[in-house]
Amino acid sequence: MNTPICDFIKQYAKRDILRLHMPGHKGKNQLGFEELDITEFNGADSLYHASGIIKKSEDNVTALFESGKTLYSTEGSSHCIRTMLHLAKQYTGKNYVLAGRNAHSSFISACALNDIDVEWLYPEENESYLSCTISPEKLKKALTRVDKTPICVYITSPDYLGNMCDIKALAKTCRDFGTMLVVDNAHGAYLKFLDNDMHPISLGATMCCDSAHKTLPVLTGGAYLHISKGAPSFFKENAKDVMALFGSTSPSYLTLQSLDMANKYIANGYKEKLNEFVTHLHNAFSDFEFCTLHFAHTLCEPMKIVLKTKKIGYRGGDFAKILEEKGVMCEFCDDDFAVLMPSVENGIYEIEKLKGILLSIPPKPPISEEKACFTPPSKKMSIREAVFAPKEMIKINNALGRILATSSVSCPPAVSLIVCGEEFNQSTIELCKKYGFDSFWVVKK
């Protein structure tokens, strides 16, 4: 597969040319890659009005993912999420979404910017706040209960703990009720290339986003917006204009080159390498009782190692510190879990090294604690009203009865226990303390 963006920029870098255009480094190396960092000028195409090298590259990735249209983002899945919700609202003329509660903060900001209300689908009682199992039956009941059809059903799959929804069944349920399924698939770009294709677009979602940089060899910020073949033509025709509404007019050409080169990487044997790696990964950790490696069930992500550290006597954060001292950096940890995200680029040697390190950590008596109760907080104003209201920062001990203005949860995991416009109750406060969230922006009195 060709790499039109990379080829153009390599040729440009070789030319003896006076760079009287942005960026200000003029191709002179401070970090070593500046000669390949360009901006939009004649021949370099334009991300939001692509007709040349970028369009050719996006045509390549569309073919790889077998979508109706796949577009690049250099600002992560957050950019794509804002775009998807805006497109769905424009197309339907409605203003509320039915969404899984474990949505990323970028979904919340997208609702604020697009003035969209949310009806929440909550996790099961035994689930972490990072997960939200939504069965077809649960979705059907929710769609039957609501007064009007939402602009879309929005879910996060996979979540941070590797759990996945039954996309195929949920997509059918959405169609039965005259709505569409939109998926935050940020952690699952590689799912398309498993022997058992598990990508949302392949399974019936109308739109989804992938953070290519999370699981593929792509620079940070590189992402895909996928639109299905069966989606209304409105989405394909208007997606670029909406991306321009929310995106920077100076997209990173280093990230675009990385996305472009990833097409060649995927086309040249990636599927075979991926499936061989996944098989080895599962074989290596099949005997670890405290390790949830999702491979036995078709609705679980097969390449995320979730360590239930309390089973062997450690809190997630403490276990992550031990791993760091031994040369392993986790993707994420909280009180309950330490999460590792390998990719094909780690290779078999590094997986065996990780296995040895985990075996070297002595187990202790399990930590057994009563599960904290979660009482959903009451909504007092819309997300948009809260986000744009005057606000002040307070400590969690002073939060009872106050209304959250903007989310203060960093990434990872960027999943909040309370959403903008909701009022803190005692249950929410105790859970925030448990997970180490101690300061919040609230609506000013």
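Above this text sits the structure in question.
Here is what the cut-offs are and how they apply
- Counting from 1, residues in each chain are numbered in the order their sequence is written.
- With the structure being a predicted model, the display of local features is reserved for residues of pLDDT at least 70 and the display and counting of side-chain atom pairs for 80 or more, all residues being used for whole-chain, interface and lining totals.
- With hydrogens and water stripped out, all remaining heavy atoms of the structure feed into the side-chain values.
- Secondary structure elements are taken from DSSP: a helix is a run of H or I of four residues or more, a strand is a run of E of two residues or more, and numbering for both begins at the N terminus.
- Throughout, exposure labels follow a simple rule: accessible area from a 1.4 Å probe, protein chains only, divided by the maximum for the residue type, with under 20% read as buried, over 50% as exposed, and the rest as partly exposed.
- Note on contacts: a residue pair qualifies if any of its non-hydrogen atoms lie within 4.5 Å across the two residues.
- Definition used for salt bridges: Asp or Glu carboxyl oxygen within 4 Å of a side-chain nitrogen of Lys or Arg.
- Put simply, two rings from Phe, Tyr or Trp (the six-membered ring, in Trp's case) pair if the centres are within 6.5 Å, and we call them stacked under 30 degrees between planes, edge-to-face over 60, tilted for the rest.
- Two conditions define a charge sitting above a ring: the NZ of Lys or the CZ of Arg must be within 6 Å of the ring centre, and it must be within 35 degrees of the ring normal.
- Whether two strands pair comes down to DSSP finding at least two bridges between them.
- To get an axis, a line is fitted to the C-alpha atoms, and for a helix only the part in contact is used. The angle between two axes follows their N-to-C directions and goes from 0 to 180 degrees.
- Roughly parallel refers to an angle under 35 degrees, roughly antiparallel to one over 145, roughly perpendicular to one between 65 and 115, and oblique to any angle outside these ranges.
- Throughout, a crossing is termed right-handed when the near helix is turned clockwise from the far one, and left-handed when it is turned anticlockwise from it by less than a right angle.
- All amino acids are sorted into three groups, where Ala, Val, Leu, Ile, Met, Phe, Trp, Tyr, Cys and Pro are nonpolar, Asp, Glu, Lys and Arg are charged, and the leftover types, Gly among them, are polar.
- Look down the strands so they point away from you; if the path from the first strand over the helix to the second goes clockwise, the crossover is right-handed.

1. A short note on unusual backbone geometry
In terms of backbone geometry, most residues other than glycine have negative phi values and most peptide bonds are trans. In this structure, the amide linkage connecting Met22 to the following residue, Pro23, adopts the cis form with an omega of 5°. Within the secondary structure layout, Pro23 lies in the loop between α1 (4-14) and α2 (53-65). Residue Pro158 is bonded to the preceding Ser157 through a cis peptide linkage, with omega at 5°. Note that Pro158 resides in the loop between β4 (153-156) and α6 (167-176). Notably, Asp45 is not glycine yet its phi reads approximately 70°, a positive angle.

2. So, α1
Looking only at α1, the buried set comprises Pro4, Ile5, Cys6, Ile9 and Tyr12. Structurally, α1 contributes buried residues whose contacts are with α2, β1 (69-73) and α10 (253-267).

3. Observations regarding the pattern of salt bridges
Within this structure, the stated rule accounts for 18 salt bridges. Between Lys310 and Glu369 there is a salt bridge, with its nearest N and O atoms 2.8 Å apart. Of this pair, Lys310 sits in the loop between β9 (305-308) and α12 (316-325) while Glu369 sits in the loop between α13 (347-359) and α14 (383-387), placing them 59 residues apart in sequence. When salt bridges with common partners are traced through the structure, they connect Lys310, Arg315, Asp335, Asp336, Glu369 and Lys434 into a single cluster.

4. Focus on the packing of aromatic side chains
Under the counting rule described, the total for this entry stands at 18 aromatic pairs. Ring centres of Tyr91 and Phe234 lie 5.7 Å apart, and the angle between their planes is 45°; on these two criteria the pair is classed as tilted. With Tyr91 in helix α3 (residues 76-92) and Phe234 in helix α9 (residues 233-246), this pair connects stretches of sequence that are 143 residues apart. Given a relative accessible area of 41%, Tyr91 falls into the partly exposed group. On the numbers, 5.8 Å between centres and 75° between planes, the contact of Phe193 with Tyr270 is edge-to-face. Of this pair, Phe193 sits in the loop between β5 (181-184) and α7 (200-203) while Tyr270 sits in helix α11 (residues 270-285), and the two are 77 residues apart along the sequence. Taken together, Phe65, Tyr72, Phe193, Tyr224, Tyr265 and Tyr270 form an aromatic cluster joined through their ring pairs. When the ring centre of Tyr435 is taken as origin, the NZ or CZ atom of Lys434, which lies over that ring, is 5.2 Å away.

5. Quick notes on the sheet that holds β1
One open sheet accounts for seven strands, arranged β1-β7-β6-β5-β4-β2-β3; its pairing is mixed. In this open sheet, the two strands that pair with only one neighbour each are β1 and β3 (117-121). Adjacent strand axes in the sheet meet at a mean angle of 20° when their direction is disregarded. Two elements, strand β2 (residues 96-100) and β4, share two bridges in a ladder whose sense is parallel. Across the sheet, the residue bridging to Leu98 is Val153, located in β4. Against the sheet, α2 contacts β1, β6 (207-210) and β7 (223-227), and its axis sits at roughly 125° relative to β1.

6. Describing the packing of α3 against α9
Between α3 and α9, whose axes approach to 9 Å, the crossing angle comes to 130°. Our classification of the angle between α3 and α9 gives oblique. The two elements α3 and α9 cross, and the hand of that crossing is right-handed. Where α3 abuts α9, its residues His79, Arg82, Thr83, His86, Leu87, Ala88, Gln90 and Tyr91 lie against Phe234, Phe235, Asn238, Ala239, Val242, Met243, Leu245 and Phe246. Residue composition of the contact of α3 with α9, grouped by class: 10 nonpolar, five polar and one charged.

7. Focus: the sheet that holds strand β14 (residues 439-443)
Strand order in this open sheet of three strands is β12-β14-β13, and the pairing throughout is antiparallel. Unpaired on one side and paired on the other, β12 (391-395) and β13 (404-406) mark the two borders of the sheet. Across the sheet, the mean angle separating the axes of adjacent strands is 60° when strand polarity is ignored. When β12 meets β14, the two strands line up antiparallel, connected through five bridges. When the sheet's bridge partners are listed, Glu392 is paired in β14 with Val442.

8. Topic: the pairing of β3
Regular strands show a simple pattern: their side chains alternate between the two faces of the sheet. As defined by bridge partners, β2 adjoins β3 across five bridges and the pair is classed as parallel. Residue pairing in the sheet places Tyr96 in a bridge with Asp117 of β3. Once you follow β2 into helix α4 (residues 105-114) and on to β3, the crossover reads as right-handed.

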